[in-house]
Amino acid sequence: MKEKILVVEDSRTFRNYLYQQLNNAGYDVEAAQSVAEAKIILERETNFLCTVLDYCLPDGQDGEIIDVVLSYQQKIIVLTRIFNNTLREAVLAKGVIDYILKDNFSPVSYLLPLIKRISNNRNHKALVVDDSTVVRRYIVQLLEHQYIQTIEAEDGAHALRVLNKNNDITFIVTDHDMPNKDGISMTHEIRKNYDRNQLAILGLSGSDDRTLTARFLKAGANDFLYKPFNQEEFFCRIHQILDMKEATNELLRHANEDALTGLWNRRYMFSQLPTIPSKRSIAMMDIDLFKNVNDTYGHDAGDAVLIEVGRIIKNFFTNDLTVRFGGEEFCILTSGPFVQFVEALESMRSAIEDYEICHNSNKIKVSVSIGATDLQAPLDKQIKAADKLLYTAKQQGKNQVIFARNNFQLDNEK
């Protein structure tokens, strides 16, 4: 479902331009040209990602639209041709997300990335670390106002405990001067397990010590800001950190994800060795008679089969490492109980056997053979063991799961 945006702008030309640009960007746009029209829309609909408001309207020359829209608990971005510090402070004090100066049609180049940032913020969770309850709650309020989930800690030691229990935290905002463990020491500890992209850190301090910026950055922080900070600068730093994190994640995804199936590739699996539990189970699987699919229906049909099989694998093993190993061969790694793993493999095998893959006017059915083991050994030996079991499944008629427990041995092992 498209996210909705309300635009209130009295200039027909600029309103139509905003409507077109936002619509092309994939948003569902409602448009009004006055305070009165905006109220009518908000009376029937308030499920907007944000609202984009012209400061000066025919029936509200002095920004009255802001208070009206705030009364409906909406997020606001203000467009204005007027700029002075008094107006800027007054607008920001009302709790708007941001304001943008109108300069012909150039504001859209800032508005579209800002709206995308606000939407993406829902995917992030921040840990706010400060021994001052007042400061901590202020930062939490700022972040939550832009759809960022938050969790709190009162010092560095507490933060480390919270981090260990919450693996969905994507970035940290931390003060420096705190009891038990200060911000720099905490950052040093975090960097032993998380790099700058895995977990971004923004350091804060109200100290007069001008060396803190370098010390925080050398400890592994992504950025640093002195308190008291300007709200705009704070959001600019947060947005930049999250933009860079997402861009890096996208590059890593392209490098490590199989472009056809969306599963991880072989390179990624081996790069994850330091983080994969040593007590694990592995399955190697292969699509039976896959060459016949390509020969009978064409390689585009073969691609369709690979895509659908990959989708089914992901559905059955959402929390496990699923890999397109190469060609029509796949690999699954899990640290869960082996008996449950084998049961899930059998259910997946049955689902693939029963599934009809529609391609053009053809309905294609395939099956898979699977070898699985919980042999406790280096990954390359585990793969070899599972491959041997897969070969056995092929030899015994295909379309089945063959498994062996930890005492399984390769032919060349005693």
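Structure: above.
Residues numbered from 1 in each chain as written. Predicted model: local features only at pLDDT ≥ 70, side-chain atom pairs only at ≥ 80, totals over all residues. Heavy atoms only, no water.

Draft legend 1. Representation of the overall build of the chain in the model. The number of helices and strands found in the chain is 15 helices and 18 strands. Relative to a compact globule of 414 residues, whose C-alpha radius of gyration would be 22 Å, the chain shows 27 Å and is clearly more extended. With the C-alpha coordinates of the chain rotated into their principal frame, the extents come out at 80 × 60 × 30 Å. Expressed as a percentage of the 414 residues in the chain, the buried residues total 50%. Surface summary for the chain: the accessible area is close to 20,400 Å², and the carbon and sulfur share equals 48%. Charge centroids of the chain, computed over 48 positive and 57 negative side chains, lie 4 Å from each other. (Helix = DSSP H or I, 4+ residues; strand = E, 2+ residues; numbered from the N terminus. Rg over C-alpha atoms; globule rule 2.2 N^0.38 Å. Buried < 20%, exposed > 50% of the residue type's maximum accessible area, 1.4 Å probe, protein only. Areas by Shrake-Rupley, 256 points an atom, 1.4 Å probe, with all protein chains shown as cover. Lys, Arg positive; Asp, Glu negative; His and termini not counted. Charge placed at Lys NZ, Arg CZ, Asp CG, Glu CD.)

Draft legend 2. Highlighting the packing of helix H6 (residues 133–144) against helix H10 (residues 231–256). Interaxial distance between H6 and H10 falls to 11 Å at its minimum, and their mutual angle equals 65 degrees. The two elements H6 and H10 cross, and the hand of that crossing is right-handed. In contact with Tyr138, Ile139, Leu142 and Leu143 of H6, H10 contributes Gln231, Phe234, Phe235 and Ile238. (Axes fitted to C-alpha atoms, helices over the stretch in contact; angles between N-to-C directions. Left-handed = near helix turned anticlockwise from the far one by under 90°. Contact = heavy atoms within 4.5 Å.)

Draft legend 3. How the structure looks around the sheet that holds strand S9 (residues 200–205). Strand order in the open sheet made by the five strands is S7-S6-S8-S9-S10, with parallel pairing throughout. Each edge of the open sheet is held by one strand with a lone partner, namely strand S7 (149–153) and strand S10 (223–226). Across the sheet, the mean angle from the axis of one strand to that of its neighbour is 20 degrees, orientation sign disregarded. On the sheet, helix H7 (residues 156–165) packs against strand S6 (125–129) and S7 and is oriented at approximately 135 degrees with respect to S7. Of the strands in this sheet, strand S8 (171–175), S9 and S10 are in contact with helix H9 (residues 212–219), which crosses S10 at around 155 degrees. (Pairing = 2+ DSSP bridges.)

Draft legend 4. Representation of the packing of aromatic side chains within the structure. Summed over the entire model, instances satisfying the criterion amount to 10 aromatic pairs. An aromatic cluster is defined as three or more aromatic residues linked by ring pairs; in this entry it consists of Tyr138, Phe229, Phe234 and Phe235. (Phe/Tyr/Trp six-rings, centres within 6.5 Å; stacked < 30°, edge-to-face > 60°.)

Draft legend 5. How the structure looks around a negative patch on the surface. A contiguous patch of negative charge, built from Glu37, Asp59, Asp62 and Glu64, is present on the exposed surface. Among the secondary structure elements, Asp62 is positioned in the loop between strand S3 (50–54) and helix H3 (64–70). Residue Asp62 is classed as exposed on the basis of its relative accessible area, which comes to 57%. (Patch = residues over 30% accessible without salt bridge, like charges linked within 9 Å, V, L, I, M, F, W, Y side chains within 5 Å. Salt bridge = Lys/Arg side-chain N within 4 Å of Asp/Glu carboxyl O.)

Draft legend 6. Main features of the side chain of Asp130. Of note, Asp130 is situated in the loop between S6 and H6. On the basis of relative accessible area, Asp130 is assigned to the buried category, the value being 1%. If we skip the residues at most four places from it in the chain, Asp130 touches Val135, Arg136, Ala153, Glu154, Asp175, Met178 and Lys227.

Draft legend 7. Geometry of the pairing of strand S18 (residues 401–404). Pairing of strand S17 (residues 368–373) with S18 involves four bridges; the strand directions are parallel. Across the sheet, Thr373 pairs through a bridge with Ala404, a residue of S18. For the handedness criterion, the β-α-β arrangement of S17, helix H15 (residues 379–395) and S18 is classed as left-handed. (Right-handed = clockwise from strand over helix to strand, strands pointing away.)

Purely spatial values, then, with no claim about function.
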